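Tertiary structure, described
Residues per chain, in single letters:
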Amino acid sequence: MVTQEKDGSFLVKVGFLKILHKYEITFQLPPLQRLGRDVCAVPVPNLNLRVIAVTPLPEGYSVQCEYTAHREGVLKEELVLASEAGEGASVKVTVQARVMDRHHGTPMLLDGVRCVGAELEYDSEQSDWHGFD
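Everything in this summary refers to the structure shown in the same document. If you're wondering where the values come from, they're calculated on a predicted model, not measured in any experiment. (Residues numbered from 1 in each chain as written. Predicted model: local features only at pLDDT ≥ 70, side-chain atom pairs only at ≥ 80, totals over all residues. Heavy atoms only, no water.)

For the rest of this paragraph, the subject is the overall build of the protein. Along the backbone of the protein there are zero helices and ten strands. Helices and strands appear in the protein in the N-to-C order β-β-β-β-β-β-β-β-β-β. Scaling as 2.2 N^0.38, a compact globule of 133 residues should have a C-alpha radius of gyration of about 14 Å, whereas the protein reaches 18 Å, well beyond that. In terms of overall dimensions, the protein has C-alpha extents of about 70 × 30 × 25 Å along its principal axes. (Helix = DSSP H or I, 4+ residues; strand = E, 2+ residues; numbered from the N terminus. Rg over C-alpha atoms; globule rule 2.2 N^0.38 Å.)

The structure is reproduced here in structure tokens:
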């Protein structure tokens, strides 16, 4: 699920998700000497991916985030983890999801991914407006 890229960043694949559903994603990163022990998420303006917690472990870091599948296709969302000590060290993590529309197939969630809810969808046929007279 987690692979390290040549540039030192990480790619996290989460599987096939369903559009307009919210998922909790938990993954582990290996220990990174440049970040140290205390790591936090850098605030990035991303409405679809939100970091909930970063926990140091003996074997690295556990990252927990919440993701909303907002459109179909292969989607990549980025987050940045940085040292809390403020040395300027950081690492980029890309979360990659394949999002299906609501009428096609069954989601296939990889380890550490669970559905926590569905967003309400707008359907114009459910309107109570009767039109002009």
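Resuming the write-up.
Another point: the sheet that holds strand β6 (residues 60-68). The strand order across the open sheet built from four strands is β5-β6-β3-β10, with neighbouring strands paired in antiparallel fashion. Both edges of this open sheet fall to β5 (49-57) and β10 (113-118), since each of them pairs with a single strand only. Each strand of the sheet is rotated relative to its neighbour by a mean of 15°, with strand direction disregarded. (Pairing = 2+ DSSP bridges. Axes fitted to C-alpha atoms, helices over the stretch in contact; angles between N-to-C directions.)

Tracing the sequence through the fold places E77 in strand β7 (residues 73-83). Buried within the structure, E77 lacks any salt-bridge partner; R71 is the closest side chain of opposite charge, at an N-O distance of 6.2 Å. A polar atom in the side chain of E77 sits 2.9 Å from the side chain of N46. With sequence-adjacent residues up to four places away left out, E77 is seen in contact with N46, N48, L49, Y67, H70, V93, T94 and V95. (Buried < 20%, exposed > 50% of the residue type's maximum accessible area, 1.4 Å probe, protein only. Lys, Arg positive; Asp, Glu negative; His and termini not counted. Salt bridge = Lys/Arg side-chain N within 4 Å of Asp/Glu carboxyl O. Polar contact = N/O pair within 3.5 Å; in protein donor to acceptor, adjacent residues only side chain to side chain. Contact = heavy atoms within 4.5 Å.)

Another aspect to go through is the side chain of K18. Secondary-structure assignment places K18 in strand β2 (residues 10-18). For K18, which is buried and forms no salt bridge, the nearest opposite charge comes from D101, at a distance of 6.4 Å. Here K18 is in contact with Y23, A69, V99, M100, D101, R102, H104, G105 and P107, once residues within four sequence places are set aside.

Note that P31 resides in the loop between β3 (21-29) and β4 (39-41). Classification of P31 by relative accessible area gives exposed; the value is 52%. Separated by 73 residues in sequence, P31 and H104 have C-alpha atoms that sit 39 Å apart. Discounting residues that sit within four places of it in the chain, P31 has contacts with E59, G60 and Y61.

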